[in-house]
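For reference, the chains in residue letters:
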Amino acid sequence: MDIYEAVTSRRAVRAFTDRDVPREALERVVSAAAWAPSASNLQPWHSYVVTGVPLAEIKKRAGERLAMGDPWDEPEYEQYPPALKSPYRERRSAFGEQRYGALGIAREDWEARQRAASANWDCFGAPAALFCYIDRELGRPQWSDVGMYLQTVMLLLRAEGLHSCPQMAWAKFHKTVAEVLSPPDELVLFCGMSIGYADAAAHDARTGRAPLNETVTFVDGL
């Protein structure tokens, strides 16, 4: 797949079929993603690629917690600043309106929004997932390295005809994931990623992007 096509066709898919993802494809993706850039070649990511019974167990345990109304785990990092300033606040709000509006959920219907959000912890029906960890002693530059790694994974998945959805939501149930994966104590769960074949029958609106002049400044030479 052309790299531009991979970038522009990549989106956060929130409805997958149950078609199995070939193990060979997942191995090709994570093997190639190891070449993602990182400062001083630290390669600060540690990923668990999960399918089959282990993933079903994670989903089941997360679902049981949701059904019981268990509170989220104590956060291990701050996902958003307490008070988002403009224009980030407006962009986040617009995403929520589009996401839930496409599902026919009114802004004030908090219970319906919660039910829709709960699909995160079923990986939106995906049969494969990646859980990405980072050493808790590393700093912000290394977290940005992990972001470049995850983007590389998602673009390579497109080359395999697969889609994905990166989900910081899994960090809210990091203890549940750890019960199944048993990661070393020094690792922090940054995010999960649902992986599979998109359900073409599902209405999954794609969010737009800010105008280029809001995010990019060209400085031309004389």
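It should be emphasised that the depicted structure is a prediction, and the values quoted were computed from it without experimental measurement. (Residues numbered from 1 in each chain as written. Predicted model: local features only at pLDDT ≥ 70, side-chain atom pairs only at ≥ 80, totals over all residues. Heavy atoms only, no water.)

Enquirer: Quick rundown of a nonpolar patch on the surface? Include the residues and the values.
Expert: The grouping of Ile3, Tyr4 and Val7 at the surface amounts to a nonpolar patch, some 340 Å² of accessible area in total. Tracing the backbone shows Ile3 in helix H1 (residues 3-9). (Patch = residues over 30% accessible without salt bridge, like charges linked within 9 Å, V, L, I, M, F, W, Y side chains within 5 Å. Areas by Shrake-Rupley, 256 points an atom, 1.4 Å probe, with all protein chains shown as cover. Salt bridge = Lys/Arg side-chain N within 4 Å of Asp/Glu carboxyl O. Helix = DSSP H or I, 4+ residues; strand = E, 2+ residues; numbered from the N terminus.)

Enquirer: Give me the packing of aromatic side chains: which residues, what numbers.
Expert: For the coordinates displayed, the defined rule picks out eight aromatic pairs. Seen from their ring centres, Tyr77 and Phe190 are 5.7 Å apart, and the 50 degrees between their planes marks the pair as tilted. Of this pair, Tyr77 sits in the loop between helix H3 (52-68) and helix H4 (88-102) while Phe190 sits in strand S4 (residues 187-196), and the two are 113 residues apart along the sequence. A relative accessible area of 16% places Tyr77 in the buried class. Assessed through its relative accessible area of 16%, Phe190 is described here as buried. (Phe/Tyr/Trp six-rings, centres within 6.5 Å; stacked < 30°, edge-to-face > 60°. Buried < 20%, exposed > 50% of the residue type's maximum accessible area, 1.4 Å probe, protein only.)

Enquirer: I'd like a description of the sheet that holds strand S1 (residues 45-51), backed by residues and values.
Expert: Taken together, the four strands give an open sheet; going across it, the order is S1-S2-S4-S3, and neighbouring strands pair in antiparallel fashion. A strand with exactly one partner marks an edge of an open sheet, and here the two such strands are S1 and strand S3 (163-167). Averaged over all pairs of adjacent strands, the angle between their axes in this sheet comes to 25 degrees, without regard to strand direction. Where S3 and S4 come together, five bridges link them in antiparallel fashion. Looking at the pairing, Ser164 lines up with Ile195 of S4. Where helix H2 (residues 23-33) meets the sheet, it contacts S1, strand S2 (128-135) and S4, and its direction lies at approximately 175 degrees from that of S1. The strands that H3 touches are S1 and S2; relative to S1, the one it contacts most, it runs at about 95 degrees. (Pairing = 2+ DSSP bridges. Axes fitted to C-alpha atoms, helices over the stretch in contact; angles between N-to-C directions. Contact = heavy atoms within 4.5 Å.)

Enquirer: Describe helix H7 (residues 174-181), naming the residues involved and giving the relevant values.
Expert: All buried positions along H7 are accounted for by His174, Thr176, Val177 and Leu181. End-on, the buried residues of H7 take up no more than an arc of 160 degrees, which puts them together on one face. Each element contacted by the buried residues of H7 is listed here: S1, H3, S2 and S4. Remark: Ser182 follows H7 within two positions and exhibits a positive phi of approximately 50 degrees. (Arc of directions from axis to C-beta.)

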